[in-house]
Amino acid sequence: MANEETINDTVIFIFGGSGDLSQRKLMPALFNLYLDNLMPKNFSIVCMGRKSMLDASFRKTILAGIKKFSRSKFDETASKKWRKFANNVQYAILDAGNKKSYAFIPQLIKQKEKEWNSLPSAMFYLAVAPQLVKPIATNLGTLDFCKDCSRARIVIEKPFGNDLQTAQELNILLKSIFKEKQIYRIDHYLGKETVQNILALRFANTLLEPVWNKNYIDHVQITNAENIGIESRGEYYERSGALRDMVQNHILQLMCMIAMEAPVNFDANEIRNKKVDVLNAIRKITKEDVPNMSIRGQYGPGWMKSKKVKGYRQEDNVNPHSTVETFAALKLYVDNWRWEGVPFYIRTGKYLQEKNTSITIHFKRSPNFAFPSEAVETWRSNVLTIAIQPEMDIALRFQAKRPGSKMVLNPVNMVFSYSSYNLPQPEAYETLLLDVMEGNATLFMRDDQVEAAWKVVMPILESWQTKTPSDFPDYQPGSWGPEDSEALIAKDGYTWINQSIHNTFKSE
Ligand code: BG6
């Protein structure tokens, strides 16, 4: 079990340290680790940015972010601990493209070595715009310290490249400077409690494994619905779109967790090997098949919960004729022995009716001929639902006899809810930052994993680029996306599961 004695002293350098990610996620996560005594005995956090700022005013901004975004309450204990924590936080101006700007890094590490009488590790966290990753990595490469594989670690935020080619180029560059084990490509979905629990559910229970295959599973649905728009990220989103922003990384990773074979152990490479196998087995969609296997959409202006909202094309820094998708749905197959012929329907979108990330495993229908026809009017097949967020539940739908003098079957849910633990749930970034400090890469993406994921989406991206959608915007905020998305699944005889677990199946 990690604690401040077992984690090596660490200097954390956050590039883009005055930005949004740092304020909303990274600093609250580091502070929560500190509150839980999970930071190293000695640590120092250096946030870097272009603006000039005094340490004192920077700490004030960070504190405001912690108060607003942290999962834990800022009570008296937190306030006392904040004072100590803040002493370890400093701000530095950095010109990312200027090699000379980096000279202070090894000097600071040396100074900490003396002060702490230890050999600290260094984490270089790149919370920056994608175009800055190359210059920063290149300049870090000029520091001798970065050659020390046991002490220097680099963390790269998504997006990792903009397509397969740029991801490969970035991997080549990073690997010319760092060893693979020093590189932590982050996908914050892998740090979520409910996502990690998929491994426990699948591989710590004997009940599911025998039925976890094409013989018993009819199809799988993965939904990632957001009830927010692109917010202030127009510039980024115009270069990204839903496929790059959510599918290439988060959703394919969820799919890997569902489809992977059992690992032999929990070694980082073993888990990642098993995930890469899934990505490599996903049937490549041919260009001709793209219209049958994928749907894209874009939100127009409208209303979200009685609030008027802009359409995508009216958002700041967005081209008024933009054809970038804010919704994507795909039908994928995993061509291996376990999954042959089982469709995986995945979808994601902005400004959908509600925030809901969930996975539903739909089992094959059982023969129901033993029951009289009037008994089975509401009969449904078994469904296992893994609710990732905001609900954090696992539910199994099965048939029960409705109380009464007649034999009438009814679908009911057996539910496990995370809230029943009554324990604090660490945020994904807490888990992931702690893993980096401990040198555990299990929940991070390896080079071949990222590239294999790009290979899955490339034919769709290429096809979408060549055909301009004529009907954008094509869905209303607060809906479940474009009508074509319903058609994608309806033509196979299914419907998307939209409701939360607790209401699930009432209206199906
Ligand atoms: C990010 C995407 O990676 O994930 C965002 O860039 C998206 O567009 C976010 O909103 C969703 O994360 P979460 O944890 O809120 O589901």
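Presented here is an overview of the structure given in this document. (Residues numbered from 1 in each chain as written. Predicted model: local features only at pLDDT ≥ 70, side-chain atom pairs only at ≥ 80, totals over all residues. Heavy atoms only, no water.)

1. What to know about the pattern of salt bridges
Step number 1: A complete count under the given rule lists 23 salt bridges for this structure.
Step number 2: A salt bridge links Lys110 to Glu113; the nearest nitrogen and oxygen atoms lie 3.5 Å apart. In this pair, Lys110 and Glu113 both sit in helix H4 (residues 104-116), three residues apart, roughly one turn of the helix.
Step number 3: Under the relative-accessibility criterion, Glu113 is labelled buried at 17%.
Step number 4: For Arg338, the salt bridge identified is with Glu209, shortest N-O distance 2.8 Å. Pair noted here: Arg338 is in the loop between strand S11 (327-333) and strand S12 (343-349) and Glu209 is in the loop between helix H7 (193-203) and strand S7 (217-225), with a separation of 129 residues, a long-range link.
Step number 5: Where salt bridges share partners, they join Lys110, Glu113, Asp148 and Arg151 into one cluster. (Salt bridge = Lys/Arg side-chain N within 4 Å of Asp/Glu carboxyl O. Helix = DSSP H or I, 4+ residues; strand = E, 2+ residues; numbered from the N terminus. Buried < 20%, exposed > 50% of the residue type's maximum accessible area, 1.4 Å probe, protein only.)

2. Considerations on the nonpolar core
Step number 1: Judged by nonpolar contacts, the single largest core of 157 residues is most densely connected at Phe13, Phe15, Leu30, Phe124 and Leu140.
Step number 2: Ranked by residue count, the leading element in this core is helix H9 (residues 241-259), at 12 residues.
Step number 3: If we ignore the near neighbours within four places in the chain, the residues touching Leu140 are Phe15, Tyr102, Ile105, Phe124, Cys146, Ile154 and Phe178. (Core = buried A, V, L, I, M, F, W, Y, C linked by side-chain atoms within 4.5 Å. Contact = heavy atoms within 4.5 Å.)

3. Quick notes on the site of the ligand
Step number 1: All residues adjacent to the ligand are Lys158, His188, Tyr189, Lys192, Glu226, Arg233, Asp245, Met246, His250, Lys350, Lys355 and Gln389.
Step number 2: The side chain of Lys192 places a nitrogen or oxygen atom 2.6 Å from an oxygen atom of the ligand.
Step number 3: Protein contacts shield 82% of the accessible area of the ligand, which totals 400 Å² for the unbound molecule.
Step number 4: Ranked by residues supplied to the shell around the ligand, first place goes to H9 with three residues.
Step number 5: Considered class by class, the residues forming the shell around the ligand number two nonpolar, three polar and seven charged. (Near = heavy atom within 4 Å. Polar contact = N/O pair within 3.5 Å; in protein donor to acceptor, adjacent residues only side chain to side chain. Areas by Shrake-Rupley, 256 points an atom, 1.4 Å probe, with all protein chains shown as cover. Nonpolar A, V, L, I, M, F, W, Y, C, P; charged D, E, K, R; others polar.)

4. Description of the side chain of Ser240
Step number 1: Looking at the secondary structure, you find Ser240 in the loop between helix H8 (234-238) and H9.
Step number 2: Engagement of the side chain of Ser240 in a polar contact is seen with the backbone nitrogen of Asp245, the distance being 3.5 Å.

5. Comments concerning a negative patch on the surface
Step number 1: On the surface, a cluster of negative charge is made up of Asp471, Glu483, Asp484 and Glu486.
Step number 2: Looking at the element boundaries, Asp484 is found in helix H14 (residues 483-490).
Step number 3: With relative accessibility at 40%, the residue Asp484 sits in the partly exposed group. (Patch = residues over 30% accessible without salt bridge, like charges linked within 9 Å, V, L, I, M, F, W, Y side chains within 5 Å. Lys, Arg positive; Asp, Glu negative; His and termini not counted. Charge placed at Lys NZ, Arg CZ, Asp CG, Glu CD.)

6. Some thoughts on the environment of Thr138
Step number 1: With respect to the helices and strands, Thr138 occurs in helix H5 (residues 133-141).
Step number 2: In this structure, the C-alpha to C-alpha distance between Thr138 and Gly191, residues 53 residues apart in sequence, is 28 Å.
Step number 3: Leave out the neighbours within four places in its chain, and Thr138 touches Leu173 and Ile177.

7. Some points on the environment of Asn205
Step number 1: Mapped onto the fold, Asn205 is located in the loop between H7 and S7.
Step number 2: Here Leu201 takes part through its backbone oxygen, which lies 2.8 Å from a polar atom of the side chain of Asn205.

8. Some thoughts on helix H1 (residues 20-35)
Step number 1: Look at H1: 22 Å from first C-alpha to last across 16 residues, which is about the 22 Å you get at 1.5 Å a residue.
Step number 2: The largest bend in H1 amounts to roughly 35 degrees and is located at Leu26, with the proline Pro28 lying one to four residues further along.
Step number 3: Taken as a whole, H1 has its buried residues at Ser22, Leu26, Met27, Pro28, Ala29, Leu30, Phe31, Asn32, Leu33 and Tyr34.
Step number 4: Remark: Asn37 follows H1 within two positions and exhibits a positive phi of approximately 55 degrees. (Expected span 1.5 Å × (residues − 1). Bend = angle between axes of the 7 residues up to and from the residue.)

9. Describing the sheet that holds strand S4 (residues 121-126)
Step number 1: As summarised here, the arrangement of the six strands in space is S3-S2-S1-S4-S5-S6, forming an open sheet in which the pairing is parallel. Of all strands in the sheet, those with a lone pairing partner are strand S3 (89-93) and strand S6 (183-185), marking the two edges. Pairwise comparison of adjacent strand axes, ignoring direction, gives a mean angle of 20 degrees for this sheet.
Step number 2: Where strand S5 (residues 152-156) and S6 come together, three bridges link them in parallel fashion. Looking at S6, one finds that Val155 is bridged to Tyr184. (Pairing = 2+ DSSP bridges. Axes fitted to C-alpha atoms, helices over the stretch in contact; angles between N-to-C directions.)

10. A closer look at unusual backbone geometry
Step number 1: Of note, the amide linkage connecting Lys158 to Pro159 takes the cis form, showing an omega dihedral of 5 degrees.
Step number 2: With respect to the helices and strands, the residue Pro159 is situated in the loop between S5 and helix H6 (164-177).
Step number 3: Backbone torsion omega between Gln389 and Pro390 reads -10 degrees, so that peptide bond is classified as cis.
Step number 4: Positionally, Pro390 belongs in the loop between strand S14 (383-389) and strand S15 (393-401).
Step number 5: The phi torsion at Glu231 lies on the positive side, around 55 degrees, for a residue other than glycine.
Step number 6: Tracing the backbone through its elements, the reader meets Glu231 in the loop between S7 and H8.
Step number 7: Look at Ser306: it is not a glycine, yet its phi comes out positive at around 60 degrees.
Step number 8: When you line up the elements, Ser306 lands in the loop between strand S9 (302-304) and strand S10 (307-309).

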